[in-house]
Amino acid sequence: FLIPEMSQYEEENGGEQSLKIDELPDAVLQYHLFPFLDSRELFYLRGVSRQWSELIRTVWCHVVRDEMLDQVNSLDLVYEKETTSKLLEFKIRYLASYTNLMSKYIVHMYKFSQMMPQLRENVNPITRTITLSIAM
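Residues numbered from 1 in each chain as written. Predicted model: local features only at pLDDT ≥ 70, side-chain atom pairs only at ≥ 80, totals over all residues. Heavy atoms only, no water.

### Points about the overall build of the chain
Phase 1 of the analysis: Along its length, the chain carries 5 helices and 0 strands.
Phase 2 of the analysis: Taken from N to C terminus, the helices and strands of the chain fall in the order α-α-α-α-α.
Phase 3 of the analysis: Contacts in the chain between residues at least 24 apart in sequence constitute 35% of all its contacts with a sequence separation of at least 6.
Phase 4 of the analysis: Surface exposure of the chain reaches about 12000 Å², of which carbon and sulfur atoms provide 62%. (Helix = DSSP H or I, 4+ residues; strand = E, 2+ residues; numbered from the N terminus. Contact = heavy atoms within 4.5 Å. Areas by Shrake-Rupley, 256 points an atom, 1.4 Å probe, with all protein chains shown as cover.)

### Quick word on the confidence of the model for the chain
Phase 1 of the analysis: Averaged over all residues, the pLDDT of the chain is 78; the fraction at 70 or higher stands at 76%.
Phase 2 of the analysis: At the low end of the mean pLDDT range in the chain sits helix α1 (residues 8–12), at 57; at the high end sits helix α3 (residues 39–45), at 88. (pLDDT = per-residue confidence, 0-100.)

### Section: the packing of aromatic side chains
Phase 1 of the analysis: Taken as a whole and judged by the stated rule, the model has 3 aromatic pairs.
Phase 2 of the analysis: Ring geometry for Phe34 versus Trp52: centroids 5.4 Å apart, planes at 70°, classification edge-to-face. With a gap of 18 residues between them, Phe34 in the loop between α2 (26–33) and α3 and Trp52 in helix α4 (residues 50–121) connect regions that are remote in the sequence.
Phase 3 of the analysis: Phe34 gets classed as buried once you look at its relative accessible area, which sits at 0%. (Phe/Tyr/Trp six-rings, centres within 6.5 Å; stacked < 30°, edge-to-face > 60°. Buried < 20%, exposed > 50% of the residue type's maximum accessible area, 1.4 Å probe, protein only.)

Rendered as structure tokens:
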């Protein structure tokens, strides 16, 4: 059973292992703790002490800027999705009408190919010309 060695902090404080938040260096609070909080949490924490208020003041601008950029990015994403969906909706409508047009064209061509032998057999040249022009 090994007993771990005491850290320098524990030796200075008589073996006490807990560290109070007041004893943390300002740099740890400012660069390693406060940036992970949002602007609302920082707003409430600035009332803890005058020292924290000063530390939060330096971090505040960066946190608010990052939150604003996140909101702008979210709006850009929403706009992009909306634009893409409208474009796809237009393309689908176009393809549906194109499909309808092509199916009518194929049916018409089939009927026309069925009628052509009958039209060619027609003896009267005027009637044949008028009928062929109407059929086309």
